[in-house]
Amino acid sequence: MKTIAPAGPALRPGTTAVLLALLGALAACSKDLGPFDGARAKDLTGRIVAIGPRQPGTANLRKVAELLAAELKAVSPELELQRQSFVDPALGNGIEYQNLWVEIPGKQRTAGGPIIALAAHYDSKITHPGEQDFTFVGALDAAASCATLVELARHLTGERRLDHDVWLIFFDGEESIDWDWNDEKALIGSRHFARTMNADKQRFPNGLAARLKAFVLLDLLGDHEFKIDRDTESNSALLEIFAKAAERLGVREQLYHFESPMKDDHIPFKQQGVRVIDLIDFRFRPPAEHDPKVRDYEFGKRYFPFWHTKDDDMARVSADSLGIVGNLVLEALPVIEKELVK
Ligand SMILES: [Zn+2]
């Protein structure tokens, strides 16, 4: 991501009470929420990050693809990583991008049957000589989300297998090539994936949205001060399903205190008519120089600004927070299947 949003904080009344509840939730939660093991997700995040910056077209990014392929295979031999390679002529950079995905068969799989997608981007932000000349490893942006998808596969191939197919998608080229967000030079992998799948008459004879019933994106999640913002581009039914799932897990106070319209990998799918949600922790994460005003909000001051800085490293990653993310998704998926897969 993403863009600094003009919207103010979506605070509910009684901010002191909410803050106390929030702190209480932070102290109490994360263990015993479900089977998802945040420590395993953190461990894999560390191994992705240890490869180094993983910019599009680099050997490092290929190494990350191989690591994800091996990890998924180790989770279950049925998980064969698929690759979609392409060059985007409009960019004129000659870079070969590579989207990755695995298909997890549902218990009641039928040929051409419904799909729920879980996704994250596996490229890291391109740094530039001069002001942005630093080593950026993107632990939260978005190695931790990729690792979370792999750990979710462990449960979705086992005791939490759904009736219908789940695709785990890892996008290349999410980050803007220019340092500042440029619509034409970002979301490169997801735009290509959504467009080509929509045109794929074998996989999607009636278009992408006819089979792909929901698209859940994970991004910037896993910080010690855990929260998920309310993305106003997201589908309202999905926002509600995740709110209720969070309520059942006792972590509702950590969701949707702030809202923004997110530009992220879910947008190309939304444009194809797919129901999408971006589970993202973005507000108050950009450093003050990006948006000094945003730091002045009462709540914003307590959130560490790591976005697109050298501070987005393993020190930011919390196993407990990843545990919340993973268990929240596991809690929400059967409801998504029940309510949105017809
Ligand atoms: Zn980023």
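Our subject is the structure listed above.
Summarised in this report is the structure supplied together with it.

So, how was this worked out
- Residues numbered from 1 in each chain as written.
- Predicted model: local features only at pLDDT ≥ 70, side-chain atom pairs only at ≥ 80, totals over all residues.
- Heavy atoms only, no water.
- Phe/Tyr/Trp six-rings, centres within 6.5 Å; stacked < 30°, edge-to-face > 60°.
- Helix = DSSP H or I, 4+ residues; strand = E, 2+ residues; numbered from the N terminus.
- Buried < 20%, exposed > 50% of the residue type's maximum accessible area, 1.4 Å probe, protein only.
- Lys NZ or Arg CZ within 6 Å of the ring centre and 35° of its normal.
- Core = buried A, V, L, I, M, F, W, Y, C linked by side-chain atoms within 4.5 Å.
- Salt bridge = Lys/Arg side-chain N within 4 Å of Asp/Glu carboxyl O.
- Donors = N, O, S within 2.8 Å, 3.2 Å for Na, K, Ca; no water.
- Tetrahedral: all angles 85-135°; square planar, octahedral: opposite > 155°, others 65-115°.
- Axes fitted to C-alpha atoms, helices over the stretch in contact; angles between N-to-C directions.
- Parallel < 35°, antiparallel > 145°, perpendicular 65-115°, else oblique.
- Left-handed = near helix turned anticlockwise from the far one by under 90°.
- Contact = heavy atoms within 4.5 Å.
- Nonpolar A, V, L, I, M, F, W, Y, C, P; charged D, E, K, R; others polar.
- Pairing = 2+ DSSP bridges.
- Right-handed = clockwise from strand over helix to strand, strands pointing away.

### Section: the packing of aromatic side chains
Part 1 of the reasoning: Taken as a whole, this structure holds 15 aromatic pairs when the rule is applied.
Part 2 of the reasoning: Judged by centre distance (5.8 Å) and plane angle (80°), the rings of Phe171 and Phe193 are edge-to-face. One end of the pair, Phe171, is in strand β4 (residues 165–171); the other, Phe193, is in helix α5 (residues 188–199), and 22 residues separate them in sequence.
Part 3 of the reasoning: Residue Phe171 is classed as buried on the basis of its relative accessible area of 0%.
Part 4 of the reasoning: Lying across the ring of Tyr303, Lys227 places its NZ or CZ 5.1 Å from the centre.
Part 5 of the reasoning: Over the aromatic face of Phe304 sits the side chain of Arg316, whose NZ or CZ is 3.9 Å from the ring centroid.

### A word on the nonpolar core
Part 1 of the reasoning: Counting residues in hydrophobic clusters, the biggest one holds 76 residues, and the most contacted among them are Leu118, Phe170, Phe242 and Ile336.
Part 2 of the reasoning: Here this core gets eleven residues from one element, more than from any other, and that element is helix α4 (residues 139–156).
Part 3 of the reasoning: Core analysis: the second largest hydrophobic core is formed by 18 residues, Ile115, Leu208, Leu212 and Phe215 among them.

### Comments concerning the pattern of salt bridges
Part 1 of the reasoning: Under the definition given, this model contains 24 salt bridges.
Part 2 of the reasoning: The salt bridge involving Lys73 is made with Glu80; its shortest N-O contact spans 2.6 Å.
Part 3 of the reasoning: Classification of Lys73 as partly exposed rests on a relative accessible area of 33%.
Part 4 of the reasoning: The salt bridge partner of Lys244 is Glu240, with a shortest N-O separation of 3.9 Å. Linking Lys244 with Glu240, this pair stays in helix α7 (residues 236–249), spanning four residues, or about one helical turn.
Part 5 of the reasoning: The exposure class assigned to Lys244 is partly exposed, which follows from its relative accessible area of 47%.
Part 6 of the reasoning: Three or more residues joined by partner-sharing salt bridges are found here, namely Asp223, Glu225, Lys227, Asp229, Asp281, Arg285 and Arg316.

### Let's talk about the coordination of the zinc ion
Part 1 of the reasoning: Asp141 (OD), Glu175 (OE), Glu175 (OE) and His308 (NE2) make up the full set of protein donors to the zinc ion, lying at 2.0 to 2.6 Å.
Part 2 of the reasoning: Each of the four donor atoms bound to the zinc ion contributes to angles spanning 55 to 150°, and the resulting shape is irregular.
Part 3 of the reasoning: Donor residues binding the zinc ion come from one chain and are separated in sequence as D-x33-E-x132-H. With Asp141 in helix α4 and His308 in the loop between β8 (276–280) and α9 (319–340), the pair connects residues that are 167 residues apart, well separated along the chain.
Part 4 of the reasoning: You can call His308 buried: its relative accessible area is 6%.

### Structural notes on the packing of α7 against α9
Part 1 of the reasoning: Packing of α7 against α9 brings their axes to within 9 Å, and their N-to-C directions diverge by 130°. The angle between α7 and α9 places the two elements in the oblique class. Viewed along their axes, α7 and α9 form a crossing whose handedness is right-handed. The segment α7 lies against α9, with Ala237, Leu238, Ile241, Phe242, Ala245, Ala246, Arg248 and Leu249 engaging Asn327, Leu328, Val329, Glu331, Ala332, Val335, Ile336, Glu339 and Leu340.
Part 2 of the reasoning: Residue composition of the contact of α7 with α9, grouped by class: 13 nonpolar, one polar and three charged.

### So, the sheet that holds strand β3 (residues 115–121)
Part 1 of the reasoning: Strands sit in the order β1-β2-β4-β3-β5-β8 across an open sheet of six strands; the sheet is mixed. This sheet does not close on itself; its edge strands, each paired only once, are β1 (82–87) and β8. Geometrically, the sheet is characterised by an average inter-axis angle of 20° between neighbouring strands, direction not taken into account.
Part 2 of the reasoning: Here β3 runs beside strand β5 (residues 212–219); their pairing, made up of five bridges, is parallel.

### Let's talk about the pairing of strand β7 (residues 255–260)
Part 1 of the reasoning: Within β7, five of the six residues are buried, which leaves it mostly tucked inside the rest of the structure.
Part 2 of the reasoning: With three bridges joining them, strand β6 (residues 228–231) and β7 adopt parallel strand pairing. Residue pairing across strands places Arg230 opposite Glu259, the latter belonging to β7.
Part 3 of the reasoning: This β-α-β element, β6 to α7 to β7, shows right-handed connectivity.

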